[in-house]
Amino acid sequence: TELADKLRKWIGADERLLPQGTKMWMLLLCLAGTLLSGLPFFETLSPIGIVSRAVAFGSYGGILILAGIVLIEIIFARRVWCRSLCPLGGFYSLVGRHARLRVGYLPERCTQCGECTQACPVEEVLQPCLAGDAAEVVSGDCIRCAACIDVCREKALKVSYRIFH
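Since this is a predicted model, take the numbers as computed values, not measurements.

**Q** Which residues make up the nonpolar core, and what values go with them?
**A** In terms of nonpolar packing, the biggest core is built from 15 residues, with V103, C116, V125, L126, V137, C148 and L157 touching the most fellow members. Of all the secondary structure elements, the ones that give two or more residues to this core are strand 1 (101–105), helix 9 (127–130) and helix 10 (147–151). Excluding residues within four positions of it along the chain, C148 makes contact with V103, C116, A119, L126 and L157. With five residues, the next largest nonpolar core counts F42, I69, W81 and C86 among its residues.

Right, here's the structure in full:
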């Protein structure tokens, strides 16, 4: 999917995004599928699981699913799987809302250059901070990669740790 993102930029595709909430519905669907079947339903959809099965067992049928995900990401919208469809991402988003490790924001240092949003793979998580509505990134969709912190020349973003909520 990283390759698909690079290809989108190379061909100059639109920067369309799907709503992030879709992954919560996918999480519920996978949980229901697992409960009903008794099998780890997510593993049938997981790109990592698909590639692992293809390598280990020579079951290349799942590669078509993976190719479909990549094709949709190139043609339709950016980071469709990771941002909007991945049920595991939905679970991580729920957990991330209560995470102790956060990206803190120092508005007095910010020049609104936008480099942080360019570097962030989930750029809208920074918007409440940049709008002056939050002192730290509170979205569970922040993956805490620290790319925004690394590119900020003004040091307006920092790692912060909360002991209590």
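**Q** Lay out the pattern of salt bridges with the relevant residues and their values.
**A** Opposite charge on two side chains makes pairing possible when the charged atoms of those side chains draw close. Counted under the stated rule, the structure contains five salt bridges. One salt bridge connects R83 with E124, and the closest N-O pair in it is separated by 2.6 Å. Of the two residues, R83 sits in helix 6 (residues 80–85) while E124 sits in the loop between helix 8 (115–119) and helix 9, which places them 41 residues apart along the sequence. Since its relative accessible area comes to 27%, E124 is described here as partly exposed. Note that E115 and R153 form a salt bridge whose closest N and O atoms lie 2.1 Å from each other. Pair noted here: E115 is in helix 8 and R153 is in the loop between helix 10 and strand 2 (157–161), with a separation of 38 residues, a long-range link. Looking at E115, the relative accessible area reads 27%, which means it is partly exposed. Among the residues examined, R153 registers a relative accessible area of 64% and is labelled exposed.

**Q** So what's going on with the side chain of S160? Which residues, and what values?
**A** Its location among the elements puts S160 in strand 2. On the basis of relative accessible area, S160 is assigned to the buried category, the value being 10%. When residues no more than four places from it in sequence are discounted, the contact partners of S160 are R100, L101, R102, V103, G104 and E136.

**Q** So, the packing of helix 1 (residues 2–11) against helix 5 (residues 62–75): which residues are in play, and what are the values?
**A** It is at 8 Å that the axes of helix 1 and helix 5 come closest, and there the two elements cross at 30°. In this view, helix 1 runs roughly parallel relative to helix 5, as classed from their interaxial angle. Crossing hand, helix 1 versus helix 5: right-handed. On the side of helix 1, the interface is formed by A4, L7, R8 and I11, while helix 5 contributes V70, E73, I74 and I75.

Cut-offs used in this document
- Residues numbered from 1 in each chain as written.
- Predicted model: local features only at pLDDT ≥ 70, side-chain atom pairs only at ≥ 80, totals over all residues.
- Heavy atoms only, no water.
- Core = buried A, V, L, I, M, F, W, Y, C linked by side-chain atoms within 4.5 Å.
- Buried < 20%, exposed > 50% of the residue type's maximum accessible area, 1.4 Å probe, protein only.
- Helix = DSSP H or I, 4+ residues; strand = E, 2+ residues; numbered from the N terminus.
- Contact = heavy atoms within 4.5 Å.
- Salt bridge = Lys/Arg side-chain N within 4 Å of Asp/Glu carboxyl O.
- Axes fitted to C-alpha atoms, helices over the stretch in contact; angles between N-to-C directions.
- Parallel < 35°, antiparallel > 145°, perpendicular 65-115°, else oblique.
- Left-handed = near helix turned anticlockwise from the far one by under 90°.

Structural measurements only, silent on function.
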